[in-house]
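Structure at a glance
Listed below are the residues making up each chain.
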Amino acid sequence: PAQFVTVPGEPHPEVTAKVKAMMIGRFKFILGVANHELGYFVALETWDPEGVQESLSTGRDSEPILLDTVRRLLAMLPRR
């Protein structure tokens, strides 16, 4: 009943909520800084080009790439 998603960096709470909304497990776990540290995954709606966390991210496209990847990976899992 548990599902885990690993993220190679630190997702903002808004990003974490979006990932959890895609997951179907009863217990949902998101593990940040898993296997690597690419930087912050900042939500598009809060993106500030002058922000400190934004300067420590891989760019504005990080969140859409992460969400698309999670969506595709979750789609490969069998549904119960």
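Up top you'll find the structure we're talking about.
Rules used throughout
- Residues numbered from 1 in each chain as written.
- Predicted model: local features only at pLDDT ≥ 70, side-chain atom pairs only at ≥ 80, totals over all residues.
- Heavy atoms only, no water.
- Buried < 20%, exposed > 50% of the residue type's maximum accessible area, 1.4 Å probe, protein only.
- Helix = DSSP H or I, 4+ residues; strand = E, 2+ residues; numbered from the N terminus.
- Pairing = 2+ DSSP bridges.
- Axes fitted to C-alpha atoms, helices over the stretch in contact; angles between N-to-C directions.
- Parallel < 35°, antiparallel > 145°, perpendicular 65-115°, else oblique.
- Left-handed = near helix turned anticlockwise from the far one by under 90°.
- Contact = heavy atoms within 4.5 Å.
- Nonpolar A, V, L, I, M, F, W, Y, C, P; charged D, E, K, R; others polar.
- Phe/Tyr/Trp six-rings, centres within 6.5 Å; stacked < 30°, edge-to-face > 60°.
- Salt bridge = Lys/Arg side-chain N within 4 Å of Asp/Glu carboxyl O.
- Core = buried A, V, L, I, M, F, W, Y, C linked by side-chain atoms within 4.5 Å.

Here strand β1 (residues 2-6) shows one buried face, formed by Gln-3 and Val-5, and one open face, formed by Ala-2, Phe-4 and Thr-6. Bridge count for β1 against strand β3 (residues 27-31) is 5 bridges, and the pairing is parallel. Directly across from Ala-2, in β3, lies its bridge partner Phe-27.

Before going further, it helps to examine the packing of helix α1 (residues 13-22) against helix α3 (residues 62-75). Where α1 meets α3, the axes come as close as 10 Å, and the angle between the chain directions of the two elements is 15 degrees. By the angle between their directions, the pair α1 and α3 is classed as roughly parallel. In this structure, the crossing between α1 and α3 has a hand that is right-handed. Contacts between α1 and α3 involve Val-15, Lys-18, Val-19 and Met-22 from the first element and Glu-63, Leu-66, Leu-67, Val-70, Arg-71 and Leu-74 from the second. For the contact of α1 with α3, a count of residues per class yields 7 nonpolar, no polar and 3 charged.

It is worth spelling out the packing of aromatic side chains at this point. Enumeration according to the criterion identifies 1 aromatic pair in this entry. With a centroid separation of 4.6 Å and 10 degrees between ring planes, the pair formed by Phe-4 and Phe-29 is classed as stacked. On the criterion of sequence distance, the pair formed by Phe-4 in strand β1 and Phe-29 in strand β3 is long-range, its members being 25 residues apart.

Further remarks concern the pattern of salt bridges. The final tally for this structure, using the stated rule, is 3 salt bridges. The salt bridge partner of Lys-18 is Glu-45, with a shortest N-O separation of 2.8 Å. Separated by 27 residues along the polypeptide, Lys-18 in helix α1 and Glu-45 in the loop between β4 (40-41) and α2 (52-55) bring together distant segments of the chain. By relative accessible area, Lys-18 is classed as partly exposed at 27%. For Glu-45, a relative accessible area of 51% gives the class exposed. Between Arg-72 and Asp-68 there is a salt bridge; the shortest N-O distance is 3.2 Å. Taken as a pair, Arg-72 and Asp-68 lie in helix α3 at a separation of 4 residues, close to a single helical turn.

Another aspect to go through is the nonpolar core. Counting 12 residues, the largest nonpolar core consists of Val-5, Val-7, Val-15, Val-19, Met-23, Ile-30, Phe-41, Ala-43, Leu-66, Leu-67, Val-70 and Leu-74. Elements with a minimum of two residues in this core: α1 and α3. With 4 residues, α3 is the largest single contributor of residues to this core. Once residues lying within four places of it in the same chain are set aside, the contact partners of Val-70 are Val-5, Val-19 and Met-22.

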